[in-house]
Amino acid sequence: MALFLGVVLIGCLVQAAGWLKGDRLVFPGVFEILKAFFRLLGDRQTYAKILVTLRHLLISVLVSSALGVAIGIAEGSNRFLRSLLRPLMALLRFVPMVIMVVVIMVLTKYERVPVIATSMFLVPLIAEAACQGVLELDRDLLDVYRLEGDLSFRVVRMVHLPLMAGYLRQAFINAVGLGMKIVVSTEYLVQTRNSLGKAIYSSSYFNEYQDIYAYALVMIVLVLLVSELPSLLAKLSKRR
């Protein structure tokens, strides 16, 4: 119920902006947006664009999760390494996205830019959560695993990841929302064919602002669905 009311609130804000600005072209009515939304859902091409953007998002989250967890565990286990990597993590976190995208566009093919740029922006987010998770681990448990030998993949899988699950789950949720925005923005900038970013560019070019808001609703739904995947998978594993 609260989620539905939140969507209604967004519609009310758009409607209020239209009244205040007096521009029905840029701020169309809620019913026009909903009509465009359902029209897009009935178009087969919309799902092809969703799949392209989702593929970019999922690859970016997987890559950034692997790198971020590895870096975060290393930072949490070694104070010197944590201090050494802090400037790099700050650079990746705070550098303007346009600058990063332009640099990546020069270095690689355009079709790779959404995945590479998004992964680079998400790595610090995942690494910070993983590092904090390591720092908050029970010292007694760490002493027990040290008796078994040095840090290994098995120890990380059996000890670190389960105890860090809370930190990583919240980081994953944040990464999905932020990643969707970055993926679509980079698709918009590099004009990735048959993607949501390209669709938004085309809609803005032809002044179809109701479609832009409709695509925004599509992205909200996608973020909500993808962010709930960990909980759904956890429930399915428990039933088994």
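Residues numbered from 1 in each chain as written. Predicted model: local features only at pLDDT ≥ 70, side-chain atom pairs only at ≥ 80, totals over all residues. Heavy atoms only, no water.

Visitor: Any chance you could break down helix H4 (residues 79-94) for me, citing the residues and the numbers?
Guide: An ideal rise of 1.5 Å per residue puts 22 Å on 16 residues; H4 measures up with 22 Å between its terminal C-alpha atoms. The largest bend along H4 reaches roughly 40° and is located at Leu-85, with the proline Pro-87 sitting one to four residues downstream. Residues Arg-82, Leu-85, Met-89 and Leu-92 constitute the buried set of H4. Tucked inside the fold, the buried residues of H4 contact helix H3 (44-77), helix H5 (97-107) and helix H6 (113-135). For H4, the side-chain oxygen to backbone nitrogen distance between the N-cap and Phe-80 is 3.0 Å, and the N-cap itself is Asn-78. (Helix = DSSP H or I, 4+ residues; strand = E, 2+ residues; numbered from the N terminus. Expected span 1.5 Å × (residues − 1). Bend = angle between axes of the 7 residues up to and from the residue. Buried < 20%, exposed > 50% of the residue type's maximum accessible area, 1.4 Å probe, protein only. Contact = heavy atoms within 4.5 Å. Polar contact = N/O pair within 3.5 Å; in protein donor to acceptor, adjacent residues only side chain to side chain.)

Visitor: I'd like a rundown of the environment of Gln-191, residues and numbers included.
Guide: Residue position: Gln-191 is located in the loop between helix H9 (165-190) and helix H10 (196-205). Gln-191 gets classed as partly exposed once you look at its relative accessible area, which sits at 26%. Expressed as a C-alpha distance, the spacing of Gln-191 and Glu-111, which sit 80 residues apart in the sequence, is 8.9 Å. Dropping the residues within four chain positions of it, Gln-191 is found in contact with Lys-198 and Tyr-201. Among the polar contacts listed, one links the side chain of Gln-191 to the side chain of Lys-198, at a separation of 2.9 Å.

Visitor: Can you tell me about the pattern of salt bridges, naming the residues and giving the values?
Guide: This structure, assessed with the given rule, holds two salt bridges. For Arg-39, the salt bridge goes to Asp-211, with nearest N and O atoms at 2.5 Å. Taken together, the residues span a long stretch of sequence, with Arg-39 in helix H2 (residues 30-41) and Asp-211 in helix H11 (residues 209-227) at a distance of 172 residues. Put simply, Glu-128 and Arg-93 hold a salt bridge, and the shortest N to O gap is 2.5 Å. With a gap of 35 residues between them, Glu-128 in helix H6 and Arg-93 in helix H4 connect regions that are remote in the sequence. Note on Glu-128: relative accessible area 46%, which makes it partly exposed. (Salt bridge = Lys/Arg side-chain N within 4 Å of Asp/Glu carboxyl O.)

Visitor: Tell me what's going on with the packing of H2 against H11, and back it up with residues and numbers.
Guide: At a minimum axis separation of 8 Å, H2 and H11 run at an interaxial angle of 65°. At the point where H2 passes H11, the crossing takes the right-handed sense. Side by side, H2 and H11 meet where Glu-32, Ile-33, Leu-34, Ala-36, Phe-37, Arg-39 and Leu-40 of the first sit next to Gln-210, Asp-211, Tyr-213, Ala-214, Tyr-215, Leu-217 and Val-218 of the second. Across the contact of H2 with H11, the residue classes break down as 10 nonpolar, one polar and three charged. (Axes fitted to C-alpha atoms, helices over the stretch in contact; angles between N-to-C directions. Left-handed = near helix turned anticlockwise from the far one by under 90°. Nonpolar A, V, L, I, M, F, W, Y, C, P; charged D, E, K, R; others polar.)

Keep in mind these numbers describe shape, not what the thing actually does.
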